Amino acid sequence: MGLYEEIAGNKRRTFLLLFFFFGLVVFLGLVIGLMYGNQYFGLGLALVIGVVYFLISYFAGSSMILSMTGAREATKPEYTHLINTVEGLAVAAGLPKPPKVYVIDDSALNAFATGRDPEHATITVTTGLLQKMNRLELEGVIAHEMSHIKNFDIRVMMLAAVLVGLTVLLSDFLLRSFLWGGKRDREQNQLGVVLIIVGIALAILAPLIGELIKLSVSRKREFLADASGALLTRYPKGLADALRKIKHDPDPLVDKANKATAHLFISMPFRHDGKTSLMQNLFSTHPPIEERIKRLEGM
Amino acid sequence: MVSGTIIGIIIGAVVLLFVIYIYNSLIKLKMRASNAWSQIDVQLKRRYDLIPNLVNTVKGYMKHEKGVLEEVTKARTSLMSGSMQAKAKANNQITEALKSIFAVAENYPQLKASENFRILQEELSGTESKIAYARQFYNDTVMQLNQAIQSFPTNIFAKLFGAQQREFFEAAEGERKNVKVEF
């Protein structure tokens, strides 16, 4: 039962991720400041933007995501079975209170969980999923999402998205300043010049690195959520069957999903054409479905 | 001489930290177990509250199946009082009895069509799976607690701190088949 260790590890990784990106943001801010001849200006700018950006996404992130995907709250008696399933698995996971339940009116088969911690979490499923899955498969899917909540994946992924976004923003700003102006060259000392060069290199690379880190974290989380989801239902076949149904669904597309929300869903909400190239693997938010089914059936 | 004292102090501090660590982890496991138990209790209470509604709803239809209804009503009382074993046993009895009530209901189209009955059925089966999940979570927690209390070196400190093992929430295998439903 290494689940509690996994959760602790997850919190540690979140902290490292946060720390790494924070360093990056401070550094980018510093370089922006140097370009304008006052490093404190850049630093202050980066910190203010960072804090505001962080607070907004921490407290309003999940409701923004919910409205972006067009989800509406599931109510009894229409969704009694869904709500009961969620509440039951919340008990199984030992969550302090059951997450709120939302549905998306879409025939595609998909689901996601979001929120800042287990007390402020939501689980969303498509109406297509409710129609096409049997009781055991639905339990498998909900258990997978419940594990994302319990393991604090929802927070890791939310912070990752925010920080990558922030890095992109600052890098963009820095590159623009470099191209279009700022007080540079003449009054700079050597250290400043070196810093600016490093900063620009970082500004070019950072969004890419950030994206890759986010993706690798996301893919690892998927396997772990499959495993601990199976631990909740004690029936790995349920989720395996559900994944197989999702794979063979002719319409894997959630209309409302876009690049910003893709990594949240239980399976990639875009059309998959069967074959995967290296590039696709590198930039995929999810491990291949066959691999996940194989692992579940090996349990 | 001085270095000896320092080494002594360091060893003492390490031992002390170790004992504190063990104590805290035992407390954490104990709290987790009693919290898990209250989760079961909440669901048992919910079941306890729902049963009279069900009995009232089906009473009018099931004239010939009085026995099952009495069985449920009787088992219901032990759901909220008595030892953990008694509760577990009553809970299993109710599960079996409800199964037969719902099976019998198939013969009464009017009852099946009733909105009230449909909602009750969904609620009761929802509660049943919640009880099952709560029991699973509780038993896992108890297993971790008992394991910690029994394994070395925690067992020494467990005795010292007076930590108790907890019992699992399940009826003995023989008692499970106890329910006779006669029509």
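Reading the values: the criteria
- Residues numbered from 1 in each chain as written.
- Chains lettered and ligands numbered in written order.
- Predicted model: local features only at pLDDT ≥ 70, side-chain atom pairs only at ≥ 80, totals over all residues.
- Helix = DSSP H or I, 4+ residues; strand = E, 2+ residues; numbered from the N terminus.
- Rg over C-alpha atoms; globule rule 2.2 N^0.38 Å.
- Buried ≥ 20, exposed ≤ 12 C-beta atoms within 10 Å, placed from the backbone.
- Contact = placed C-beta atoms within 7 Å.
- Core = buried A, V, L, I, M, F, W, Y, C linked by C-beta atoms within 7 Å.
- Domains from an automatic or database assignment.
- Nonpolar A, V, L, I, M, F, W, Y, C, P; charged D, E, K, R; others polar.
- Pairing = 2+ DSSP bridges.
- pLDDT = per-residue confidence, 0-100.
- Axes fitted to C-alpha atoms, helices over the stretch in contact; angles between N-to-C directions.
- Parallel < 35°, antiparallel > 145°, perpendicular 65-115°, else oblique.
- Left-handed = near helix turned anticlockwise from the far one by under 90°.

A. Expanded view of the overall build of chain B. In terms of helices and strands, chain B carries 7 helices and 0 strands. Overall, chain B shows an N-to-C arrangement of helices and strands of α-α-α-α-α-α-α. The globule rule puts the C-alpha radius of gyration for 183 residues at 16 Å, and the 24 Å found for chain B is more than 25% above it. With the C-alpha coordinates aligned to their principal axes, the bounding extent of chain B is approximately 90 × 30 × 20 Å. In chain B, buried positions account for 27% of the 183 residues. Pairs at least 24 residues apart make up 77% of the contacts formed inside chain B by residues separated by at least 6 positions.

B. Structural detail: the overall build of chain A. When its secondary structure is counted, chain A shows 10 helices and 4 strands. Its helices and strands taken in sequence order, chain A reads α-α-β-α-β-β-β-α-α-α-α-α-α-α from the N to the C terminus. Within chain A, buried positions represent 43% of all 299 residues. Contacts spanning at least 24 positions in sequence make up 71% of the contacts within chain A whose residues lie at least 6 apart.

C. Structural view of the nonpolar core. Residues and elements named next belong to chain A. In terms of nonpolar packing, the biggest core is built from 103 residues, with L28, L89 and V141 touching the most fellow members. Structurally, this core is a two-domain feature, drawing no fewer than three residues from each of domain 1 (3–66 + 155–216) and domain 2 (70–153 + 223–267). Leave out the neighbours within four places in its chain, and L28 touches A46, L170, S171, L174, G199, L202 and A203.

D. Fine view of the interface of chain B and chain A. The interface of chain B with chain A comprises 12 residues on the first partner and 11 residues on the second. For the side of chain B that touches chain A, the secondary-structure elements that each account for two or more residues are helix 1 (2–59) and helix 5 (115–150) of chain B. Considering every element that reaches the side of chain B that touches chain A, the biggest residue donor is helix 5 of chain B, with 10 residues. Residues that form the side of chain B that touches chain A fall into these classes: 5 nonpolar, 5 polar and 2 charged.

E. Looking closely at the pairing of strand 2 (residues 100–104) of chain A. Residues and elements named next belong to chain A. The element strand 2 is extensively covered by neighbouring structure, given that 4 of its 5 residues are classed as buried. One ladder, built from 2 bridges, connects strand 1 (residues 72–73) with strand 2; its direction is antiparallel. When the sheet's bridge partners are listed, R72 is paired in strand 2 with V103. The pairing of strand 2 with strand 4 (residues 121–126) spans 5 bridges and is classified as parallel. For V101, the partnering residue across the bridge sits in strand 4 and is I123.

F. Broad picture of the domain arrangement of chain A. All names here are of chain A. Here chain A is partitioned into domain 1 (3–66 + 155–216) and domain 2 (70–153 + 223–267). Each partner contributes to the interface: domain 1 provides 14 residues, whereas domain 2 provides 17 residues. For the side of domain 1 that touches domain 2, the elements supplying multiple residues, two or more each, are helix 1 (3–35), helix 2 (39–68) and helix 6 (153–180). A total of 6 residues in the side of domain 1 that touches domain 2 trace back to one element, the largest contributor, which is helix 1. A class-by-class count of the residues in the side of domain 1 that touches domain 2 yields 8 nonpolar, 3 polar and 3 charged.

G. Just the pairing of strand 4 of chain A, in detail. Residue and element names in this part refer to chain A. With 6 of its 6 residues buried, strand 4 lies for the most part within the structure. Side chains A121, I123 and V125 project from strand 4 onto one buried face, and the interleaved T122, T124 and T126 project onto a second face that is buried too. In the sheet, strand 3 (residues 111–115) pairs with strand 4 via 5 bridges, with the strands oriented antiparallel. Residue pairing across strands places F112 opposite T124, the latter belonging to strand 4. Between strand 3 and strand 4, which pair antiparallel one after the other, the connecting turn spans 5 residues.

H. Region of the structure containing the confidence of the model for chain B. Residue and element names in this part refer to chain B. When pLDDT is averaged along chain B, the result is 84, and 92% of the positions lie at 70 or above. The least confident element of chain B, judged by mean pLDDT, is helix 7 (residues 173–176) at 45; the most confident is helix 1 at 90. Confidence drops under a pLDDT of 50 for residues 172–183, and excluding neighbours within four residues, the segment shows 17 contacts in the predicted structure. Scored as a complex, the prediction yields pTM 0.77 and ipTM 0.73.

I. Inspection of the packing of helix 8 (residues 236–247) of chain A against helix 10 (residues 289–297) of chain A at higher detail. Residue and element names in this part refer to chain A. Following both chains from N to C, one finds helix 8 and helix 10 inclined at 160°, their axes separated by 9 Å at the closest point. Classified by the interaxial angle, the pair formed by helix 8 and helix 10 is roughly antiparallel. Where helix 8 crosses over helix 10, the handedness of that crossing is left-handed. Along its contact with helix 8, which presents P236, L239, A240, L243, R244, I246 and K247, the element helix 10 presents I289, R292, I293, L296 and E297. Residues of the contact of helix 8 with helix 10, tallied by class, amount to 8 nonpolar, no polar and 4 charged.

J. Local environment of the sheet that holds strand 3 of chain A. Taking strand neighbours across the sheet as the criterion, the 4 strands line up as 1-2-4-3 (chain A) in an open arrangement whose pairing is mixed. Of all strands in the sheet, those bounded by a partner on one side alone are strand 1 and strand 3 of chain A.

K. Quick look at the packing of helix 5 of chain B against helix 6 (residues 154–161) of chain B. Residues and elements named next belong to chain B. At their nearest, the axes of helix 5 and helix 6 sit 6 Å apart, and the two run at 100° to each other. The angle between the axes of helix 5 and helix 6 places the two elements in the roughly perpendicular class. On helix 6, the residues that touch A148, I149 and Q150 of helix 5 are T154, N155 and A158.

L. Molecular detail of unusual backbone geometry. That bond from A:K76 to A:P77 is cis: its omega, 0°, falls within 30 degrees of zero. Across the junction of B:F152 and B:P153, the peptide omega takes the value 0°, indicating a cis bond. Mapped onto the secondary structure, B:P153 falls in the loop between helix 5 and helix 6. Even without a glycine there, the phi angle at A:R234 is positive, about 55°. As for its position among the elements, A:R234 is in the loop between helix 7 (190–233) and helix 8.

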